[in-house]
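Fold and contact review
These are the residues of each chain, in order.
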Amino acid sequence: MTELSPRSYILVGIDGSSSSLMALNWAVNEAQLRNLPLRLVHAVDFESFAMGFNPGASESFFKYLETTGQRFLDEAMDHVQVLDPDLDVTLSRVAGRPARVLADLSEGAFLTVVGSTGLNAFTGLLAGSVSVSLTAHGHSPVVVVRAPGVPVTGSVVVGISGSPDCEDAIAWAFEEASMRGAELNAVLVWSYMPAYFYYEESPWDDLAGRAREEQQEMLLAERLAGWQEKFPDVVVRRIAAIGNPGQVLLSHGQHAQLIVVGSHGHGDVTGLFLGATSHRLIHHANCPVLVARPHARESTR
């Protein structure tokens, strides 16, 4: 069982967009629940902007980017002060490509939180590309926040698979559900499609019908058993379903307050493509999506 341990801060990408403001709101609530500080970061990609520009002629433009970035951070700080004046917050304006800056800083973060889209290419977080890149390359788990009206009383949904990072996803899901007093919907998606279609090396077995369903239900129970003992306060609803993993999780997440998945992998039993699934969720889910990464929360003691 993966050992969970706090990291130093919750990292939040800030770019002045409404999407990053929604991410900040979520991060403030998470920081309050976990008693962790926030680190708000704005990245300006001078390297990309310099291409095709005369450096001397564009000096005022680069100065504009710096001052605008600082304004975004100051406005974000003011917003946090309104929500919780006692919260510990630090501001950082960093030169570099946003995805790379946040990925580097995420190495010291407990959690990284970003909006699903940025303002535009001239102010920091590039629309869509940062959230996608971070789910693939970030060192910490990543939360992508899409919708403004996130329900606070909905369930937490977790995608279960046979991939290595599934255990991390389960750990996050139980902890989040426990902190929020929410029901946990544990969803295992499987298919009758032969395993070789999913690029698996293991041979397809001939189980079908109720026997196959019972096998999946047993697998789901085994994956959850230890965690239910560790978090007895969490009410768990087990769901074994046939279908497209992304579509099934989107359906169960329509009224959820959080969806938790692994960053990649396709289980040799479930055929759950969590790489493709996580990308689909961060683009289409109605609620925030937490993408866990293998061993990102192992104890460093």
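Below is a short write-up of the structure. As the structure is a computational prediction, the values presented were derived from the model and not from experiment.

**Quick notes on the overall build of the protein**
On a plain count of helices and strands, the protein comes out with 9 helices and 10 strands. Burial status across the protein gives 52% buried among its 301 residues. Long-range contacts, defined here as pairs at least 24 residues apart, represent 80% of the contacts in the protein between residues at least 6 apart. In the form shown here, the protein has an accessible surface area of approximately 13300 Å², with 54% of it arising from carbon and sulfur atoms.

**Some remarks on helix α5 (residues 129–137)**
The complete set of buried residues in α5 reads Val-130, Ser-131, Leu-134 and Thr-135. Buried residues of α5, viewed axially, fall in a sector of 130°; they line one side.

**Remarks on the pairing of strand β7 (residues 184–190)**
Every regular strand shows the same layout, with side chains that alternate between the two sheet faces. Most of β7 sits inside the fold, with 7 of its 7 residues counted as buried. By the alternation rule, side chains of β7 split into Leu-184, Ala-186, Leu-188 and Trp-190 and Asn-185, Val-187 and Val-189, which are all buried. As paired elements, strand β6 (residues 156–160) and β7 share 5 bridges and run parallel to each other. For Val-156, the partnering residue across the bridge sits in β7 and is Leu-184. One ladder, built from 7 bridges, connects β7 with strand β8 (residues 236–242); its direction is parallel. Residue pairing across strands places Val-187 opposite Ile-239, the latter belonging to β8.

**Some words on the sheet that holds β8**
Pairing is mixed across the open sheet formed by 10 strands, whose spatial order is β3-β2-β1-β4-β5-β10-β9-β6-β7-β8. Unpaired on one side and paired on the other, β3 (89–95) and β8 mark the two borders of the sheet. With direction set aside, neighbouring strand axes in the sheet form an average angle of 20°. Pairing between strand β4 (residues 111–115) and strand β5 (residues 142–145): 4 bridges, direction parallel. Within β5, the position partnered with Thr-112 by the bridge is Val-142. In this fold helix α1 (residues 18–34) packs onto β1 (10–13), β2 (38–44), β4, β5 and β9 (258–262), with an angle of close to 150° to the strand it touches most, β4. On top of the sheet, helix α8 (residues 245–252) reaches β6, β7, β8 and β9; it is set at about 160° to β7, its chief contact.

**A few points about the packing of aromatic side chains**
For the coordinates displayed, the defined rule picks out 4 aromatic pairs. Aromatic side chains Trp-227 and Phe-231 sit 6.4 Å apart centroid to centroid with 20° between the ring planes, which places their arrangement in the stacked category. Judged by relative accessible area, Phe-231 falls into the buried class, the value being 11%.

**With respect to the pairing of strand β10 (residues 289–292)**
Along β10, one buried face is formed by Val-289 and Val-291 and the opposite face, lined by Leu-290 and Ala-292, is buried too. Looking at chain direction, β5 and β10 are connected through 3 bridges and run antiparallel. Counted as the bridge partner of Val-144 is Val-289 from β10. The sheet contact formed by β9 and β10 spans 4 bridges and is parallel. Each residue of the ladder has a partner; that of Val-261, found in β10, is Val-291.

**Things to note about the pattern of salt bridges**
Under the definition given, this model contains 7 salt bridges. Between Arg-180 and Glu-30 there is a salt bridge; the shortest N-O distance is 2.7 Å. Of this pair, Arg-180 sits in helix α6 (residues 166–180) while Glu-30 sits in helix α1, and the two are 150 residues apart along the sequence. When its relative accessible area of 18% is taken as the criterion, Arg-180 is described as buried. For Glu-30, a relative accessible area of 0% puts it in the buried group.

**Topic: the nonpolar core**
Judged by nonpolar contacts, the single largest core of 51 residues is most densely connected at Ile-10, Leu-38 and Leu-40. It is α6 that provides the largest number of residues to this core, a total of 8 residues. The residues contacting Ile-10, other than those within four sequence positions of it, are Ala-27, Glu-30, Ala-31, Leu-36, Pro-37, Leu-38, Arg-39, Phe-110, Leu-111 and Val-113. Listed in part, the 32 residues of the second largest apolar core include Ala-43, Ala-109, Val-142 and Ile-282.

**Some remarks on the packing of α1 against α6**
Each pair of packed helices can be summarised by the angle the axes make with each other and by the distance between the axes. The N-to-C vectors of α1 and α6 enclose an angle of 80°; their axes lie 11 Å apart at closest approach. Comparing the axis directions of α1 and α6 gives the class roughly perpendicular. Counting all contacts with α1, which are made through Trp-26, Asn-29, Glu-30, Leu-33 and Arg-34, the residues of α6 involved are Trp-172, Glu-175, Glu-176, Met-179 and Arg-180. Along the lines of polarity and charge, the residues of the contact of α1 with α6 split into 4 nonpolar, 1 polar and 5 charged.

Reading the values: the criteria
Numbers given to residues run from 1 along each chain, matching the order in which its sequence is written. In view of the model being predicted, local features appear only for residues whose pLDDT reaches at least 70, and side-chain atom pairs are presented and counted only at 80 or more, with totals across whole chains, interfaces and linings using the full set of residues. Computation of side-chain values covers all heavy atoms of the structure but excludes hydrogens and water. Only DSSP runs of H or I with at least four residues qualify as helices, and only runs of E with at least two residues qualify as strands; both kinds are numbered from the N terminus onward. In this scheme, a residue with accessible area under 20% of its type's maximum is buried, one over 50% is exposed, and one in between is partly exposed, where area comes from a 1.4 Å probe on protein chains only. Whether two residues are in contact is decided by their heavy atoms: any pair within 4.5 Å suffices. Computed by Shrake-Rupley with a 1.4 Å probe, the accessible areas treat only the displayed protein chains as cover when residues are assessed. The directions from the helix axis to the C-beta atoms form the arc being described. Two strands are counted as paired when DSSP detects at least two bridges linking them. Axis angles are defined between N-to-C directions and span 0 to 180 degrees, where every axis is a line fitted to C-alpha atoms and, for a helix, only to the segment in contact. The rule is short: rings of Phe, Tyr and Trp, with Trp giving its six-membered ring, pair when the centres are within 6.5 Å, and they are stacked under 30 degrees, edge-to-face over 60, tilted in between. A pair is scored as a salt bridge if a Lys or Arg side-chain nitrogen falls within 4 Å of a carboxyl oxygen belonging to Asp or Glu. To qualify as a nonpolar core, a set must consist of buried Ala, Val, Leu, Ile, Met, Phe, Trp, Tyr and Cys residues joined through side-chain atoms within 4.5 Å. In what follows, roughly perpendicular refers to angles from 65 to 115 degrees, roughly parallel to angles under 35, roughly antiparallel to angles over 145, and oblique to any angle outside these ranges. Amino acid classes used here: Ala, Val, Leu, Ile, Met, Phe, Trp, Tyr, Cys and Pro are nonpolar; Asp, Glu, Lys and Arg are charged; the rest, including Gly, are polar.

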